[in-house]
Amino acid sequence: MNSAVKFPLNSKSKYLTQDQIEAFGAKIDAIRQEVMDDLGEKDAKYIYKVRNFVRYTEIASRGMLMFAGWLPPVWLLGTGMLGVSKIVENMELGHNVMHGQYDWLNDDSLRGKDFDWDNVCTGDDWRHTHNYIHHTYTNIVGMDHDVGYGLLRVSDEQAWEPRFLLNIPLTIQLMVFFEWYVGVQNLHLEDAIAYKTKTWAQVWQDSANFRKKATRQILKDYLFFPVIATVNFIPVLTANATANIVRNLWSSAVIFNGHFTEDAENFEPDNTATETRTEWYLRQIRGSSNFTGGKWMHFLSGNLSHQIEHHLFPDMPANRYQEVAPKVRAVCEEFGVNYNSASFNAQFATVWTRLAKMSVPNKDERQQWKADVQNKLKARFGRLLSK
């Protein structure tokens, strides 16, 4: 097909004619419209229940830690509950609300453009890097910064560099400190560190909002709550740090399972300005991955276990994704479009396999790198010998 974006030739999805693409898109549109026309009281009740869950689990966990955090069983229970509260706050409440999924309620406290979350990343930065950049240019190398986060190599379309030999340890670091990497994502630190196309003065200037938000989060979790716990200062401090890491590990694993699996495709840009809505649908499906699980798996992942449906319908309340997933899958099967879905563990295993493969150069890249090194050595030592 003459798409505005170049699709991989080794795809598991069938070639579609322009007429087939339009027919495919019409069926996806119909699925979306059916749900959006049905939004109402049950969806409102759901998001208010989610918000109450976050509030009450945070109050309960912080209360336990503040008054009895020195007891190991209480510390474990309180830390675990706080971690769950932070996970749900970020994934099922914050992420989904900031997509505008509940703007139709006309509730100012759930308005997507104004909502902020319990994370060092500012709401405005997230709405730009995630809602706009990532969801518009999903998996287009060089346009979607989520393709490796400027840190990892996850696609053959990314030019190999020696630093990618550290793909695996860098991924582990990214997962542990995920909220911090997301927080500075809009700053493109790799431009200052690796490519030298940005000065640190520019980074400092651009980071004003991040520094303000990060300071607030640090004071809240690592000073205010520990201090008011008095004798339980250390248990509360360590519990807050552990809960944040638990949230980081889980949220990054969910996101990696949605984008870095073996069959999640990456794309080369051609002319995205002429990409049609139906072509955009195809790219969202082919660049995303689902994972299966029970009710709690879907809840704790913010329903991003249905990453395909989320990318098709980012403004649809996420509690509806499980309902529409079988319909989307049926349309994909009808048109021969690969619907990438497997268990959480199966998808996660392919993520690490892909990261390992991408850490080393292919044959052509090895030869090119060897030639570049030889040329640099000749140039340097040639000058020395000529003196």
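With that settled, the discussion passes to the overall build of the protein chain. Tallying secondary structure elements over the protein chain gives 16 helices and 4 strands in all. Over its C-alpha atoms, taken along the principal directions, the protein chain stretches across nearly 75 × 65 × 35 Å. Expressed as a percentage of its 387 residues, the buried residues of the protein chain come to 51%. Here the analysis covers contacts within the protein chain between residues at least 6 apart in sequence; of these, 73% occur between residues at least 24 apart. Surface accessibility of the protein chain: about 18600 Å² in total, with carbon and sulfur atoms responsible for 61%. Side chains of the protein chain carry 42 positive and 44 negative charges; the gap between the two charge centres is 7 Å.

Moving on, we get to empty space enclosed by the protein. Enumeration according to the criterion identifies 3 cavities of 30 Å³ or more in this entry. The space that makes up the largest cavity amounts to roughly 280 Å³. What lines the largest cavity is a set of 23 residues, and nearest its centre among them are His95, Trp117, Trp126, Phe178 and Ile255. Among the secondary structure elements, those contributing two or more residues to the lining of the largest cavity are helix H3 (72-98), helix H4 (123-136), helix H6 (178-184), helix H10 (233-259) and helix H13 (307-312). In terms of residue count, the dominant contributor to the lining of the largest cavity is H10 (5 residues).

Attention now moves to the packing of helix H5 (residues 167-176) against helix H15 (residues 344-358). Interaxial distance between H5 and H15 falls to 8 Å at its minimum, and their mutual angle equals 130°. Comparing the axis directions of H5 and H15 gives the class oblique. Facing Asn167, Ile168, Thr171, Ile172 and Met175 of H5, the residues of H15 in contact are Phe348, Trp352, Leu355, Ala356 and Met358. Class assignment for the residues of the contact of H5 with H15 results in 8 nonpolar, 2 polar and no charged.

Nonpolar side chains in soluble globular proteins tend to end up buried together. Among the nonpolar cores identified, the biggest contains 38 residues, and Leu93 and Phe256 are the most heavily contacted of them. Put simply, the parts of the chain that give this core at least two residues each are helix H2 (41-68), H3, H5, H6, H10 and H15. Top element by residues in this core is H3. It accounts for 6 residues. Discounting residues that sit within four places of it in the chain, Leu93 has contacts with Ile47, Val50, Arg51, Val54, Val88, Leu110 and Phe115. Judged by nonpolar contacts, the second largest core, of 25 residues, contains Trp280, Ala318, Val331 and Cys332.

This part is about the packing of helix H9 (residues 208-228) against H10. Running from N to C, H9 and H10 point in directions that differ by 150°, and their axes come no closer than 8 Å. When the axis of H9 is compared with that of H10, the two are roughly antiparallel. By crossing handedness, the relation of H9 to H10 is classed as right-handed. Here Asp221, Tyr222, Phe225, Pro226 and Val227 of H9 come into contact with H10, specifically with Phe233, Val236, Leu237, Asn240, Ala241 and Asn244.

Once that is clear, we can look at the pattern of salt bridges. Tallying each qualifying case throughout the model produces 26 salt bridges. Note that Glu333 is salt-bridged to Arg329, the shortest N-O span being 3.7 Å. With Glu333 and Arg329 both in helix H14 (residues 321-335) and 4 residues apart, this pair spans about one turn of that helix. According to the relative accessible area criterion, Glu333 is exposed, its value standing at 57%. By relative accessible area, Arg329 is classed as partly exposed at 34%. Counted as one network, the salt bridges with shared partners bring together Glu58, Arg62, Lys86, Asp118, Lys220 and Asp221.

Moving on: the packing of aromatic side chains. Inspection of the entire model under this criterion finds 17 aromatic pairs. Between Trp117 and Trp126, the aromatic rings sit 5.0 Å apart at their centres with planes inclined by 50°, giving tilted as the arrangement. Of the two residues, Trp117 and Trp126, neither departs from the other in class, the shared state being buried. Grouping aromatic residues by their ring pairs yields a cluster made of Trp250, Phe291, Phe344, Phe348 and Trp352. The ring of Phe225 has Arg62 sitting right over it, with the charged end atom 4.0 Å from the ring centre. Across from the ring centre of Trp204, 3.7 Å away, lies the NZ or CZ of Arg211, which sits over that ring.

Here we come to the side chain of Asn139. Among the structural elements, Asn139 can be located in the loop between H4 and H5. In contact with Asn139, not counting residues within four places along its chain, are His134, Asp144, Val147, His259, Glu265, Asn266, Phe267 and Gly287.

The next thing to look at is a nonpolar patch on the surface. A contiguous nonpolar patch, built from Leu219, Leu223, Phe224, Val227 and Ile228 and spanning about 430 Å² of accessible area, is present on the exposed surface. Following the sequence through the fold, Phe224 ends up in helix H9. A relative accessible area of 46% places Phe224 in the partly exposed class.

Take the environment of Ser155 next. Locating Ser155 in the fold gives a position in the loop between H4 and H5. A relative accessible area of 2% places Ser155 in the buried class. For the pair formed by Ser155 and Leu355, sequence separation is 200 residues and the distance between their alpha carbons is 8.7 Å. The residues touching Ser155, leaving out its near neighbours within four places in the chain, are Val141, Asn266, Arg354 and Met358. Looking at Ser155, its side chain comes within polar contact range of the side chain of Glu157, at 2.6 Å.

Attention shifts here to the side chain of Arg320. Looking at the secondary structure, you find Arg320 in the loop between H13 and H14. Judged by relative accessible area, which is 2%, Arg320 ranks as buried. In this structure, Arg320 is in contact with Val35, Asp38, Leu39, Lys42 and Asp43, ignoring residues within four places of it in sequence.

Here is what the cut-offs are and how they apply
Residues numbered from 1 in each chain as written. Predicted model: local features only at pLDDT ≥ 70, side-chain atom pairs only at ≥ 80, totals over all residues. Heavy atoms only, no water. Helix = DSSP H or I, 4+ residues; strand = E, 2+ residues; numbered from the N terminus. Buried < 20%, exposed > 50% of the residue type's maximum accessible area, 1.4 Å probe, protein only. Contact = heavy atoms within 4.5 Å. Areas by Shrake-Rupley, 256 points an atom, 1.4 Å probe, with all protein chains shown as cover. Lys, Arg positive; Asp, Glu negative; His and termini not counted. Charge placed at Lys NZ, Arg CZ, Asp CG, Glu CD. 1 Å grid on protein atoms, 1.4 Å probe; cavity = no way out; pocket = protein on both sides within 12 Å on 5 of 7 lines; lining within 4 Å. Points joined across faces, edges and corners; volume = space filled by probe spheres on them. Axes fitted to C-alpha atoms, helices over the stretch in contact; angles between N-to-C directions. Parallel < 35°, antiparallel > 145°, perpendicular 65-115°, else oblique. Nonpolar A, V, L, I, M, F, W, Y, C, P; charged D, E, K, R; others polar. Core = buried A, V, L, I, M, F, W, Y, C linked by side-chain atoms within 4.5 Å. Left-handed = near helix turned anticlockwise from the far one by under 90°. Salt bridge = Lys/Arg side-chain N within 4 Å of Asp/Glu carboxyl O. Phe/Tyr/Trp six-rings, centres within 6.5 Å; stacked < 30°, edge-to-face > 60°. Lys NZ or Arg CZ within 6 Å of the ring centre and 35° of its normal. Patch = residues over 30% accessible without salt bridge, like charges linked within 9 Å, V, L, I, M, F, W, Y side chains within 5 Å. Polar contact = N/O pair within 3.5 Å; in protein donor to acceptor, adjacent residues only side chain to side chain.

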